[in-house]
Amino acid sequence: IDIGYPSTRRSVAEHSAQVAALLDDLAGEDVELSFVTHSLGSLVVRDLLAREGDTWRPHHPPGRAVFIAAPSSGAALAKFADRIPGAFAIYGKPSKEIASGLAAKLAAPEIPFATIAAGRGTKDGWNPLIPGDDDGVVGVAETRLEGSAAHLTVEGVHTFVMEDEAVIAATLNFIESGTLD
């Protein structure tokens, strides 16, 4: 299921509640669900998996997750935007939440998960506002999350990393077998 959402208009918790409602209405019983996310979607899924009392869980147990270009430990770019008056009128509630440390407050999932990052492959990356290598929006180091079963970094940029053939192959492999190889 490809879930689109107005990423800048609602909080992470509001987005996860929307996904929970969709999963509550999902037909079928005992169908394991795995999650593949890009960027903010990882925080939405981490919030979703931390929720209690959702009726989808007994019927659709969580399997695995892959977080692509995720601000797993925060985002220097969001913190930079926090210093610019009016920036969050453009970037929205989630950016403000990320700048305020939401990523550090969300628990790592209790299911097997992998992280995938994009970068330039250099020590200073694409964006001079982000320390270290980065994809233009999220630093490679910012994508790492304690407890990850595997991590992969590819050359690329934030907006298109999910279309990279190596990322697609690694993602499918992790969902099927639990490894990015």
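These figures come from a predicted structure and were not determined experimentally.

*Asks:* For this particular structure, what's the right way to read the pattern of salt bridges?
*Replies:* Close approach of charged atoms lets side chains of opposite charge pair. Within this structure, the stated rule accounts for one salt bridge. The partner of Asp 54 in a salt bridge is Arg 51, and the shortest N-O contact between them spans 2.8 Å. You can call Asp 54 buried: its relative accessible area is 10%. Taking the relative accessible area as the measure of exposure, Arg 51 reaches 27% and is therefore partly exposed.

*Asks:* What is the right way to look at the nonpolar core in this model?
*Replies:* For soluble globular proteins, nonpolar side chains are generally found buried alongside one another. Counting 26 residues, the largest nonpolar core has Leu 23, Phe 35, Leu 43, Leu 48, Trp 56 and Phe 67 as the members making the most contacts within it. The set of elements that each furnish at least two residues to this core consists of helix H1 (12–24), strand S1 (33–38), helix H2 (40–50), strand S2 (62–68), helix H4 (87–99) and helix H5 (102–105). Looking at which element gives the most residues to this core, the answer is H2, with six residues. Counting 13 residues, the second-largest nonpolar core is a separate cluster that includes Ile 116, Ala 118, Ala 170 and Leu 180.

*Asks:* Explain unusual backbone geometry to me, please; I cannot follow it from the model alone.
*Replies:* What is expected of a backbone is that most residues other than glycine have negative phi and most peptide bonds are trans. Backbone geometry at Ser 39 places phi at a positive 55 degrees, although glycine is not the residue there. When you line up the elements, Ser 39 lands in the loop between S1 and H2. Among the residues examined, Ser 39 registers a relative accessible area of 14% and is labelled buried.

*Asks:* I keep staring at the sheet that holds S1 and nothing clicks. Help me out?
*Replies:* In sheet architecture, strand pairing relies on hydrogen bonds along the backbone and comes in two forms, parallel and antiparallel. Strand order across the open sheet formed by four strands is S1-S2-S3-S4, with parallel pairing between neighbours. Edge positions in the sheet fall to S1 and strand S4 (150–155), since each has one partner strand and no second. With strand direction ignored, the average angle separating the axes of adjacent strands in the sheet is 15 degrees. The strands touched by H2 within the sheet are S1 and S2, with S1 carrying the most contacts at an inclination of about 145 degrees.

Reading guide: rules and limits
- Residues numbered from 1 in each chain as written.
- Predicted model: local features only at pLDDT ≥ 70, side-chain atom pairs only at ≥ 80, totals over all residues.
- Heavy atoms only, no water.
- Salt bridge = Lys/Arg side-chain N within 4 Å of Asp/Glu carboxyl O.
- Buried < 20%, exposed > 50% of the residue type's maximum accessible area, 1.4 Å probe, protein only.
- Core = buried A, V, L, I, M, F, W, Y, C linked by side-chain atoms within 4.5 Å.
- Helix = DSSP H or I, 4+ residues; strand = E, 2+ residues; numbered from the N terminus.
- Pairing = 2+ DSSP bridges.
- Axes fitted to C-alpha atoms, helices over the stretch in contact; angles between N-to-C directions.
- Contact = heavy atoms within 4.5 Å.

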